[in-house]
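# Per-entry structural report
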Amino acid sequence: MTDIAEYRNLIIEHAELRALNIRLSLTGTPADADREARATALMAMAMQEAEAASALAPSDIELLARSLRFSIGELTSMPEESCTDQAARYRAAALKLRRMVDEAE
């Protein structure tokens, strides 16, 4: 069973990897400011989510931790892909996570 501290660490690790992916796509154009702002906001939201995690039931923590571990594995092993492909994959993963949460309720 995943404890709250481990779950919080997973949230932060996942956000750091996603922010890194955003920063790696910087191109030296004015659009980079928007990408950097998104990466910074992503980290801020992850910190808020980690702080709020104590309100979750242990079964919810376990389910969400499993999803984060999977996503972290995907992020660390994924080949180079276009931003469009990556966005589509993130949307699909988010929909899958939403279905898993809905089924758990």
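In case you missed it, the structure is sitting above this.
Let me begin by describing the structure that accompanies this report.

The rules behind each value
- Residues numbered from 1 in each chain as written.
- Predicted model: local features only at pLDDT ≥ 70, side-chain atom pairs only at ≥ 80, totals over all residues.
- Heavy atoms only, no water.
- Phe/Tyr/Trp six-rings, centres within 6.5 Å; stacked < 30°, edge-to-face > 60°.
- Lys NZ or Arg CZ within 6 Å of the ring centre and 35° of its normal.
- Helix = DSSP H or I, 4+ residues; strand = E, 2+ residues; numbered from the N terminus.
- Expected span 1.5 Å × (residues − 1).
- Buried < 20%, exposed > 50% of the residue type's maximum accessible area, 1.4 Å probe, protein only.
- Core = buried A, V, L, I, M, F, W, Y, C linked by side-chain atoms within 4.5 Å.
- Contact = heavy atoms within 4.5 Å.
- Arc of directions from axis to C-beta.

## Details of the packing of aromatic side chains
Tallied over the full model, the rule gives zero aromatic pairs. Over the face of the ring belonging to F70 we find K96, whose NZ or CZ atom lies 5.4 Å from the ring centre.

## Some words on helix α1 (residues 4-24)
The terminal C-alpha atoms of α1 lie 30 Å apart, and with 21 residues this matches the ideal 30 Å at 1.5 Å per residue to within 8%. Within α1, burial applies to Y7, L10, I11, I12, H14, A15, A19, N21 and I22.

## Some thoughts on the nonpolar core
If you look at the biggest cluster of nonpolar residues, it comprises 20 residues, and the most contacted ones within it are Y7 and I11. Among the secondary structure elements, those contributing two or more residues to this core are α1, α2 (31-52) and α3 (58-77). Ranked by residue count, the leading element in this core is α1, at seven residues. When residues no more than four places from it in sequence are discounted, the contact partners of Y7 are T2, E49, A53, L56, I61, L64, A65 and L68.

## Observations concerning the environment of Y90
Turning to its location among the elements, Y90 is positioned in helix α4 (residues 83-104). Sequence spacing of Y90 and P30 is 60 residues, and the spatial spacing of their C-alpha atoms is 24 Å. Not counting the four nearest positions on each side in its chain, Y90 is found in contact with R18, N21 and L75.

## Considerations on α2
With 22 residues, α2 should reach 32 Å at 1.5 Å per residue; the first-to-last C-alpha distance of 32 Å fits that figure. Among the residues of α2, those classed as buried are D32, A39, L42, M43, A46 and A50. Projected down its long axis, α2 shows its buried positions confined to an angular sector of 90 degrees, all on one face. Turned more than 90 degrees from where α2 packs its buried face, A33, M45, Q48 and E51 sit exposed. Each element contacted by the buried residues of α2 is listed here: α1.

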